[in-house]
Amino acid sequence: MMAAIVILLLVLLLAAETPIAFAVGVAAFLGLMLTGLGNAPISAQRMFSGMNSYGLLALPLFILAGNILVAGGVINRLVEFADRIVGRIRGGLAHANVVANLMMAGVSGSATADTAALGSVMTPMMTSRGYTKDFAAALTISGAIMAPIIPPSLIMVIYAIPTKLSIGAMFFAGVLPGALIALLLMAYIAYACRRHPKSPRQSGEKSLGRAIVEAIPVLIAPVIIVGGVRGGVFTATEAAAILVVYALFLTQVLYRSVSSRELFSVFRESVLTTATVMIVVATSTMFAWFLALEDIPTAAKTLFTSITDNRYVFLLIVNVFLLFVGCLVDTVPAILIFVPILQPAAVAFGIDPIHFSIIVIVNLMIGLNTPPVGTNLFVISTVTGRPVSAITRALMPFYCVKLVALALITYIPTLSLWLPKLAGLIR
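Chemist: I would appreciate a short explanation of the overall build of the protein chain in the present structure.
Modeler: The secondary structure content of the protein chain amounts to 21 helices and zero strands. Computed over the C-alpha atoms, the radius of gyration of the protein chain is 21 Å, within 12% of the 22 Å expected from 2.2 N^0.38 for a compact globule of 427 residues. Reported as C-alpha extents along the three principal axes, the dimensions of the protein chain are approximately 70 × 45 × 45 Å. Out of the 427 residues in the protein chain, the part that is buried amounts to 54%. Taking contacts inside the protein chain between residues at least 6 apart in sequence as the whole, the part at least 24 apart equals 80%. About 17600 Å² of surface is accessible on the protein chain, with carbon and sulfur atoms providing 68% of the total. Of the side chains in the protein chain, 25 bear a positive and 15 a negative charge, and the two mean positions are spaced by 10 Å.

Okay, structure coming up:
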């Protein structure tokens, strides 16, 4: 009963537009106080323990590496490379948008960062070649959801906190689902842009060879991470530190594209982003602890098993629930609050935890593009100057594409488990 009251309080606080970290923290603290399960010192200790994790060291490092590479202009190199590969077919620049998103996913690990960075580059390019601004915006944020699915993924680092799953195994598990989303988006583009004229070669355009040479150093970054983790050379957390060093090498030595003043700004921005995420991690961890004390995970498992004994029906229920949650709650608190409740039930139904992690992440990434809370919608609206309602209308066919991808990822476990098994990270 008390858990229901606390969850209702959380919903009311969120409806009142209370910042997510404070809404979760206030609800959890009041729940602990009213039930006599905790006090201020215990609450502070639980918040600190939520942040005191070796795996979480990867979070600020991946954020810093992504920000350094974005500040170094890697986006322009990747966009030029993608445009030279697929830009001359029908709908070529739309295809290039997806390819650029796919490559950026292996660099930044953040859907919101990709939306802001690629949106500012791709939207003007696409509108200049005859695409509507709403279509360009909708395509950009649809492709940006690949960033937290393909390694390095900031969200997978967060997911490992309550579940204790291997970050490396999740990295490998996200590769094929991310590629599947890219292929389905490109298949839709081929249909939607079948009458779009081919783009002529632009004057002063770089040759394919030069575009490849300039892009290869950036594309090596995800190979270093995945290859190093697979080879046992370093852990996922150590890989984040190596990526920072490599990003500094590219921008300070090879490209010389970031000045000392810009680098200071990058570090400052990374610190602020990390602090924001860590506050949410702290309060969400306390909230999840309260739910565990109230035995909500066991109650949820009992509820699900009483509804159905079919794993496929269970997965359908979970997908519908998470799509709804993704529309209302930001990704980090959604993972830290709901995954400890849902994962025990998933394991009881015989679902592999690594597979389930990809299902959860894909669901919540779709939520990033869905009103009323969808973060990416508001970011791309700010970048393009278009209203959220107009972009949402343009997103309708892309929602269908992403739901098809979600269904395939959900009901074909091999898509998520083949590479981790091949790499020997899971049995």
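Chemist: Got a minute to help me understand the packing of aromatic side chains in this structure?
Modeler: In this description, a pair of aromatic rings is defined by centroid distance and the angle of the planes. Counting across every chain of the model gives 10 aromatic pairs. One aromatic cluster is present, built from ring pairs that chain together Tyr-131, Phe-135, Tyr-188 and Phe-398. Here the guanidinium or amino end of Arg-77 rests over the ring plane of Tyr-255, the centre of that ring lying 3.7 Å away.

Chemist: Before we go on, may I ask you to explain the side chain of Thr-140 in this structure?
Modeler: Mapped onto the elements, Thr-140 comes out in helix H8 (residues 133-144). On the accessibility criterion, Thr-140 (0% relative accessible area) is buried. Polar side-chain contacts of Thr-140 include one of 2.8 Å to the backbone oxygen of Ala-136. Discounting residues that sit within four places of it in the chain, Thr-140 has contacts with Asn-97, Asn-101, Thr-115, Leu-118, Gly-119, Met-122 and Ile-380.

Chemist: When you look at the pattern of salt bridges in this model, what are you seeing that I'm missing?
Modeler: Oppositely charged side chains are able to pair whenever their charged atoms sit close together. Under the defined criterion, the tally for this structure stands at one salt bridge. With its nearest N and O atoms 2.7 Å apart, the salt bridge here joins Arg-386 to Asp-134. Residue Arg-386 is found in the loop between helix H19 (375-384) and helix H20 (388-411), and its partner Asp-134 is found in helix H8; the two are separated by 252 residues along the sequence. Since its relative accessible area comes to 29%, Arg-386 is described here as partly exposed.

Chemist: How should I be thinking about the packing of helix H9 (residues 154-163) against helix H17 (residues 331-348) in this particular structure?
Modeler: For any two helices packed against each other, one specifies the crossing angle of their axes together with the interaxial distance. Where H9 contacts H17, the two axes come as close as 9 Å, and the packing angle between them is 40°. Crossing angle aside, the handedness with which H9 passes H17 is right-handed. Touching Ile-155, Ile-158, Tyr-159, Ile-161, Pro-162 and Thr-163 of H9 are Thr-331, Val-332, Ile-335, Leu-336, Val-339, Pro-340 and Gln-343, all from H17. Considered class by class, the residues forming the contact of H9 with H17 number 10 nonpolar, three polar and no charged.

Chemist: In this structure, what is going on with the packing of helix H6 (residues 92-105) against helix H11 (residues 175-192)? I would like to understand it.
Modeler: The interhelical angle for the contact between H6 and H11, taken along N-to-C directions, is 170°, at an axis separation of 9 Å. The angle between the axes of H6 and H11 places the two elements in the roughly antiparallel class. Contact residues: H6 offers Ala-94, His-95, Val-98, Val-99 and Leu-102, while H11 offers Gly-178, Ala-182, Leu-185, Met-186, Ile-189 and Ala-190. Grouping the amino acids of the contact of H6 with H11 by side-chain chemistry returns nine nonpolar, two polar and no charged.

Chemist: Help me understand the environment of Val-226, please; the structure alone is not making it clear to me.
Modeler: When you line up the elements, Val-226 lands in helix H12 (residues 208-230). Not counting residues up to four positions away in its chain, the partners in contact with Val-226 are Pro-151 and Phe-172.

Chemist: Would you mind showing me how to read empty space enclosed by the protein here?
Modeler: Gaps left between atoms are located by rolling a probe of water-molecule size over the structure's atoms. Within the structure shown, the criterion is met by one cavity of 30 Å³ or more. Computed from the structure, the largest cavity encloses a volume of approximately 60 Å³. Lining the largest cavity are Gly-326, Val-329, Asp-330, Thr-331, Leu-364, Gly-367, Leu-368, Val-373, Gly-374 and Thr-375. Considered class by class, the residues forming the lining of the largest cavity number four nonpolar, five polar and one charged.

Chemist: What exactly am I supposed to notice about the confidence of the model for the protein chain here?
Modeler: For any part of a model where pLDDT is low, the fine detail of the predicted coordinates should not be relied upon. Mean pLDDT over the protein chain: 87, with 97% of residues reaching 70 or higher. Within the protein chain, helix H1 (residues 2-15) has the poorest average pLDDT of any element, 80, and helix H18 (residues 353-367) the best, 95.

Chemist: Teacher, can you tell me more about the nonpolar core here?
Modeler: A general trend in soluble globular proteins is that nonpolar side chains are found buried together. Ile-158, Phe-314 and Phe-356 are the most contacted members of the largest nonpolar core, which totals 149 residues. Among the elements that line this core, the one with the most residues is helix H14 (residues 260-293), at 11 residues. In contact with Phe-356, other than residues within four places in its own chain, are Tyr-159, Phe-314, Leu-315, Val-318, Leu-342, Gln-343, Ala-346 and Ile-351.

Chemist: In this structure, what is going on with the state of the cysteines? I would like to understand it.
Modeler: Here, disulfide denotes a covalent bond that connects the sulfur atoms of two cysteines. Considering all chains together, one arrives at zero disulfides under this definition. Of all cysteine sulfurs in the structure, the one in Cys-400 sits closest to Cys-193, which takes part in no disulfide; the separation is 16 Å. Judged by relative accessible area, Cys-193 falls into the buried class, the value being 6%.

Chemist: What is the right way to look at the layout of surface pockets in this model?
Modeler: In this model, the largest pocket occupies a volume close to 910 Å³. Ser-110, Thr-112, Ala-113, Thr-273 and Val-277 are, among the 36 residues lining the largest pocket, the residues nearest its centre. Elements with a contribution of two residues or more to the lining of the largest pocket: helix H4 (58-71), helix H7 (111-128), H9, H14, H17 and H19. Sort the elements by how many residues they give to the lining of the largest pocket and H14 lands first, with eight residues. Residue composition of the lining of the largest pocket, by class: 22 nonpolar, 11 polar and three charged. Quantified by volume, the second largest pocket comes out at close to 630 Å³. What lines the second largest pocket is a set of 22 residues, among which Leu-10, Val-11, Leu-14, Leu-328 and Val-329 lie closest to the centre. Taken together, the elements giving at least two residues each to the lining of the second largest pocket come down to H1, H14, helix H16 (311-328) and H17. The greatest single-element share of the lining of the second largest pocket, amounting to five residues, is contributed by H1. Looking at the lining of the second largest pocket residue by residue, the classes come out as 19 nonpolar, one polar and two charged.

What counts and what doesn't
- Residues numbered from 1 in each chain as written.
- Predicted model: local features only at pLDDT ≥ 70, side-chain atom pairs only at ≥ 80, totals over all residues.
- Heavy atoms only, no water.
- Helix = DSSP H or I, 4+ residues; strand = E, 2+ residues; numbered from the N terminus.
- Rg over C-alpha atoms; globule rule 2.2 N^0.38 Å.
- Buried < 20%, exposed > 50% of the residue type's maximum accessible area, 1.4 Å probe, protein only.
- Contact = heavy atoms within 4.5 Å.
- Areas by Shrake-Rupley, 256 points an atom, 1.4 Å probe, with all protein chains shown as cover.
- Lys, Arg positive; Asp, Glu negative; His and termini not counted.
- Charge placed at Lys NZ, Arg CZ, Asp CG, Glu CD.
- Phe/Tyr/Trp six-rings, centres within 6.5 Å; stacked < 30°, edge-to-face > 60°.
- Lys NZ or Arg CZ within 6 Å of the ring centre and 35° of its normal.
- Polar contact = N/O pair within 3.5 Å; in protein donor to acceptor, adjacent residues only side chain to side chain.
- Salt bridge = Lys/Arg side-chain N within 4 Å of Asp/Glu carboxyl O.
- Axes fitted to C-alpha atoms, helices over the stretch in contact; angles between N-to-C directions.
- Left-handed = near helix turned anticlockwise from the far one by under 90°.
- Nonpolar A, V, L, I, M, F, W, Y, C, P; charged D, E, K, R; others polar.
- Parallel < 35°, antiparallel > 145°, perpendicular 65-115°, else oblique.
- 1 Å grid on protein atoms, 1.4 Å probe; cavity = no way out; pocket = protein on both sides within 12 Å on 5 of 7 lines; lining within 4 Å.
- Points joined across faces, edges and corners; volume = space filled by probe spheres on them.
- pLDDT = per-residue confidence, 0-100.
- Core = buried A, V, L, I, M, F, W, Y, C linked by side-chain atoms within 4.5 Å.
- Disulfide = S-S within 2.5 Å.

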